[in-house]
Every structure is written in C-alpha cells, then in structure tokens.
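For reference, the chains in residue letters:
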Amino acid sequence: MILAFLGAALAAPCTVAGAPDDAFRIRPSAERVTTILEVWPSGAPEGWADAVLDALDARGLSANVVVPTSAAADPALASVLTRVGDSEHELAVVLADDQVPRDKRSQRAVRASVRALEKASEPTKTALGRLGSRNPEALLGQIGFRSLVDLRAVPSAAPRMAGHFEGMPRIDVALAPGPYEDECGEPRATPFLPMAADRAALALELANRVPGTPTVRVAVVGAGGLDTDAAVLGRWLDEVLVPSRAQVVTAERARSIVLAGFRSPTDTPTTSYEGRLVDVEQLRAGASVLVDATTLPRTIDDLSLTELFAGLVLMRAGRTEGSVVRLRALEGPATLASTTLVGPVDVDPEALTRVASSLVGAWPHEVPSAVPVGDRLLTASELLLALASASTGSEPIVTHPVAVPEPNERGLGWGRSDTP
C-alpha cells in the first residue's frame with residue numbers, strides 16, 4: 001500500500017477503493033476539532049486542482065495548497081501557484097527527506113529554494129516533511145516557518161509547541177495529523193472516494209473527545225486522483241464536514257487557535273466518574289440477550305443500551321471494582337453509521353481489548369458512531385454486540401449487523417448513562 005513519492009523521500013498516500021457515488025458511512029460530531037484542509041496538486045490529472053479549488057471556493061472554505069520546492073519550475077503547477085497567490089488559499093511547502101534542514105548549511109538551501117517558490121506564488125509559513133526531531137523544527141522556525149507538520153508523527157489529534165532554540169519566541173506549532181488509526185496511519189488517501197472521506201470523518205469523531213485543542217488534517221491528493229474527486233469532496237463538505245460543526249481553517253489559522261488554547265485551556269471535555277455501581281453479572285445477563293439480536297431493544301433489565309455499552313467497555317478494559325462496575329457519564333451515538341458487514345464476522349480479541357482500553361483512557365462524551373477494531377470498521381451497535389459476545393465467554397468473539405431502536409434520532413434510542 002505504501003509506494004514512493006517525491007522520489008524515495010516521502011511515502012505515498014493510501015490507495016482506497018469504491019465508487020464516487022457510494023454513500024458516506026461516517027457522520028461525526030466534531031465541534032471541538034480544528035480541521036486543516038490540504039490540496040496536493042503535484043501529479044494530478046489536468047484540471048484536477050482547479051476543480052478541487054472551485055469546490056472549496058464555492059463554499060467559502062480555504063485550504064493549504066501543498067507543493068514541493070521544485071514547483072516553481074514545473075509548468076503543470078504554474079497556474080495553481082498563481083491562483084493561490086490571488087486567493088484566500090495558502091501556500092504550504094513539502095520538503096523531501098534530503099531537504100529537511102539538519103544544520104545551518106542545509107537551512108540556507110531550504111531558504112533559497114523556498115524563496116524561488118514564493119516568487120511564483122506568495123509567502124508561506126507552513127512546511128511539511130519527515131522532520132523526525134525538534135532540531136529541524138527549530139531550524140525551520142528560524143527561516144520563518146510557523147506552522148509545521150511532521151509527516152513522521154504518530155496518529156494523534158494533540159498539537160504541540162514546535163522545537164525552538166534559546167531566545168526564539170514560542171510561537172511555532174507542530175500540528176497533529178489526526179487519529180488515523182488504520183493501516184496507513186496518515187491523512188493522505190487517494191483517490192478522494194467516499195472511503196477516503198470516511199477515514200477523515202472517523203478521525204474527526206475520534207479527535208472530538210481529545211482534551212485541549214485537537215487538530216485533524218484532511219488531505220485531497222492529486223497523484224492517483226480522479227476527475228470525480230472534486231464532486232465527491234463537494235458532496236462530503238455539504239453532507240458531512242460542515243454539518244459536523246468542525247472549524248475548517250488553514251494551517252496558520254489553526255496555529256493561532258492552538259496557541260490561544262495553550263494560553264487559556266478551555267472547552268475541554270469534562271466527564272464525571274462518580275457513576276452508579278452495576279453488578280458484573282447483571283451486565284453479563286444483559287449481554288446474553290444481545291448476542292443473537294437482529295434489532296437492539298431500548299433497555300435490558302433496567303439498563304439503557306448506553307449504560308450496557310459503558311459497563312461492557314469497562315469490563316473489557318479490566319476496570320471492575322470487585323464484582324461491580326462503576327458506570328461513567330455517556331451519551332448514545334450521535335448518528336447512525338452504515339455497516340460494512342454482510343453477515344456475522346469474528347472479532348480479534350486483542351484488538352477489542354485495545355479499543356476498550358483506548359475508550360477508557362480518553363472517555364468520550366458520546367458513544368462513537370463507528371470504531372476500527374483490528375482490520376474491521378464496526379458501527380457502535382456492532383461494537384456493542386462484540387463486547388457482549390466477549391463478556392459471555394464466546395469463542396470466537398462474533399458480531400453482526402443489527403438494527404437500532406431509533407435510526408433517525410440523535411442517540412439512536414440508546415438512552416444515556418448518567419452520574420448521580
């Protein structure tokens with residue numbers, strides 16, 4: 001899946017499958033997430049970049065147009081560079097591995113190559129590359145780059161202060177890529193089909209429960225792109241991203257938001273952990289009712305589905321208190337995710353445990369609409385059935401598609417888990 005890009009310097013984006021008219025399966029709530037749109041025009045089909053930028057312009061959204069330092073000498077990118085300079089979009093430069101500055105000499109080489117690029121378009125303060133350490137970040141900061149993206153960064157939604165040398169102002173930020181927790185582990189995927197959009201939507205939903213000022217990058221990549229990418233992007237913006245209430249900005253605007261969040265930490269999810277105690281055997285009894293269900297009931301033995309979900313997650317993560325579990329505050333899933341399953345499937349026990357532990361470590365305010373478990377993407381209801389199967393001692397652990405009580409309502413009829 002990982003190919004060569006920019007010579008051997010950068011890994012290629014993930015390749016996704018599907019059809020342009022496929023339905024979007026993930027519709028996140030992302031009101032806390034600062035989202036950075038990126039357009040990578042290098043290697044794109046003719047007219048691709050203009051169509052993608054037209055889709056953004058029609059919706060009043062700005063993106064970072066990401067190009068290599070050699071773009072000024074590439075006739076295929078000349079009109080794109082001019083358009084960026086005349087628009088609200090912002091230029092960003094991606095550095096090949098041998099361009100990442102490690103000392104003063106290589107720093108001067110970067111400065112010279114970027115100056116030539118800026119003359120063909122506009123000044124830029126955003127750089128991407130496989131930086132690998134704080135020293136290159138500090139050297140780039142000395143040149144004037146303020147928003148930095150380390151393409152080696154682990155999947156995360158937590159931005160941080162960039163590396164700096166003594167005496168430098170603390171104004172540079174390393175933006176997080178987002179929690180892309182699949183095999184690829186990064187924002188770039190091509191072509192921009194609904195499956196690529198679903199990857200980004202899932203990252204937004206996971207990021208929404210991260211404390212602080214979470215950031216997610218969404219990349220639309222021309223190399224390997226299709227002439228349908230702009231239409232899919234426009235449909236996704238209208239149907240998914242804008243309704244998610246995510247804040248869509250350029251990297252430099254994201255940097256300002258992150259710095260403000262560092263100075264005044266607010267809008268952090270708060271969850272009370274003083275929930276009521278539920279007997280483990282009551283949870284197991286409730287789980288046994290779900291194992292073969294085709295439609296989820298609203299309640300089971302005085303437990304809402306959300307309470308049962310919370311209890312089974314805590315059990316799977318080993319957070320029992322003797323023979324009881326202390327529930328935590330939780331809302332039902334915001335929206336109904338479309339299933340990727342066609343029938344019963346086995347679930348990896350270790351992957352299920354990792355998911356439960358991750359949820360406990362960063363407890364969400366609502367049940368995620370969909371979660372990757374191993375190599376499968378499970379809806380909230382399918383994850384509930386997998387947890388139920390595991391709690392009853394089933395081998396193998398199994399799950400299957402299942403209907404919900406209220407598919408058109410926020411919360412899906414799951415109820416909630418309250419704290420006293």
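Going by the structure above, here's the rest.
> Residues and numbers for the state of the cysteines, please.
Under the criterion given, the structure shown has one disulfide. There is a disulfide in this structure between Cys14 and Cys184, and the S-S distance comes to 1.9 Å. Taken together, the residues Cys14 in strand E3 (residues 14-15) and Cys184 in the loop between strand E10 (173-174) and strand E11 (188-190) connect sequence positions 170 residues apart. The same class applies to Cys14 and to Cys184, which are both buried.

> Residues and numbers for the environment of Glu331, please.
Tracing the sequence through the fold places Glu331 in strand E18 (residues 330-331). We classify Glu331 as partly exposed; its relative accessible area is 32%. Apart from the residues lying within four places of it in its own chain, the contact partners of Glu331 are Thr306, His365, Glu366, Val367, Gly415 and Arg416.

> Tell me about unusual backbone geometry, and please be specific about residues and values.
A cis geometry characterises the amide bond from Thr190 onward to Pro191, with omega recorded as -10°. If you trace the backbone, Pro191 turns up in the loop between E11 and helix H5 (194-207). Each neighbour pair has its own omega, and for Glu395 with Pro396 the value is 0°, a cis peptide bond. Among the structural elements, Pro396 can be located in the loop between helix H11 (380-391) and strand E22 (398-399). Phi angles above zero are rare outside glycine, and Asp301 is one such case at about 50°. Within the secondary structure, Asp301 is located in the loop between strand E15 (299-300) and strand E16 (303-304). Positioned with a positive phi, Asp302 is a non-glycine residue whose angle comes to about 70°. Assignment of secondary structure puts Asp302 in the loop between E15 and E16.

> Could you give me a rundown of the packing of aromatic side chains, with the residues and numbers involved?
The full count for this structure, using the stated rule, is two aromatic pairs. Measuring from centroid to centroid gives 6.0 Å for Phe192 and Trp236, while their planes differ by 70°, and the two rings are edge-to-face. A residue pair is termed long-range when its members are at least 10 positions apart, and Phe192 in the loop between E11 and H5 and Trp236 in helix H6 (residues 229-241) qualify at 44 residues. Each member of the pair, Phe192 as well as Trp236, is classed as buried.

> Please give an account of the side chain of Ser106 that cites residues and values.
Turning to its location among the elements, Ser106 is positioned in helix H3 (residues 104-120). If we skip the residues at most four places from it in the chain, Ser106 touches Val100 and Pro101.

About the criteria used
Residues numbered from 1 in each chain as written. Predicted model: local features only at pLDDT ≥ 70, side-chain atom pairs only at ≥ 80, totals over all residues. Heavy atoms only, no water. Disulfide = S-S within 2.5 Å. Helix = DSSP H or I, 4+ residues; strand = E, 2+ residues; numbered from the N terminus. Buried < 20%, exposed > 50% of the residue type's maximum accessible area, 1.4 Å probe, protein only. Contact = heavy atoms within 4.5 Å. Phe/Tyr/Trp six-rings, centres within 6.5 Å; stacked < 30°, edge-to-face > 60°.

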